[in-house]
Amino acid sequence: MSKAPNPVDKYVGSRVRMRRIMLGMSQEKLGEALGLTFQQIQKYEKGTNRVGASRIQQIAEILQVPVSFLFEGGPSGVPGPDGFAEGASPSYVSDFLATSEGLALTKAFTRITDSKLRRSIVDLVEQIAAREGPDKR
């Protein structure tokens, strides 16, 4: 039975994935820049394999972000009263933004300048979601 990924490793991996997708960069291209295979990048992004400090620095440079970007909003790594680390923000937001659909939707939505149209789109999506059933977060 394999051990579950550490929440911090998983979060950092999701931030790497999100930024890589934002730049339109493939796993293969990021891997080439790091001297790794795309499979290794997949493992980093899923949190299956831990990323060392020097590798985190390299990834941040390639993705053109400060190292802190990869940790912002993630689990603190400090155990809470129940023994688990708590995240500073809901994980469903970063999980959504780490998907290609979430990123595409966010990019397109932010290009809409008409605030009334944006509000109408939010209302439409909320109505569609309400038909799907209760919020399961």
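Up top is the structure.
Only a predicted model underlies this, so the values are computations on that prediction, with no experimental measurement involved.

1. A few points about the nonpolar core
Counting 16 residues, the largest nonpolar core has Val16, Leu30, Ile59, Leu63 and Leu70 as its most contacted members. Listing elements by their share of this core, those giving two or more residues are helix H1 (7–22), helix H2 (27–34), helix H3 (38–46) and helix H4 (53–62). Once residues within four sequence positions are removed from consideration, leucine 30 is found in contact with Val16, Arg20, Met25, Ile41, Ile62 and Leu63.

2. What about the packing of H1 against H3?
Running from N to C, H1 and H3 point in directions that differ by 120°, and their axes come no closer than 5 Å. With respect to each other, H1 and H3 are oriented oblique. Counted together, Asp9, Lys10, Gly13, Ser14, Val16, Arg17 and Arg20 of H1 and Tyr44, Glu45 and Lys46 of H3 form the full contact between these two elements.

3. Considering H2
Those residues of H2 not exposed but buried are Gln27, Leu30, Gly31 and Leu34. For H2, the arc enclosing every buried residue in end-on projection is 100°, short of the 170-degree limit, so these residues lie on one face. Structural note: H2 exposes Glu28, Lys29 and Glu32 on the side pointing more than 90 degrees away from its buried face. Looking at the buried residues of H2, the elements they touch are H1, H3 and H4. Remark: glycine 35 follows H2 within two positions and exhibits a positive phi of approximately 75°.

The rules behind each value
- Residues numbered from 1 in each chain as written.
- Predicted model: local features only at pLDDT ≥ 70, side-chain atom pairs only at ≥ 80, totals over all residues.
- Heavy atoms only, no water.
- Core = buried A, V, L, I, M, F, W, Y, C linked by side-chain atoms within 4.5 Å.
- Buried < 20%, exposed > 50% of the residue type's maximum accessible area, 1.4 Å probe, protein only.
- Helix = DSSP H or I, 4+ residues; strand = E, 2+ residues; numbered from the N terminus.
- Contact = heavy atoms within 4.5 Å.
- Axes fitted to C-alpha atoms, helices over the stretch in contact; angles between N-to-C directions.
- Parallel < 35°, antiparallel > 145°, perpendicular 65-115°, else oblique.
- Arc of directions from axis to C-beta.

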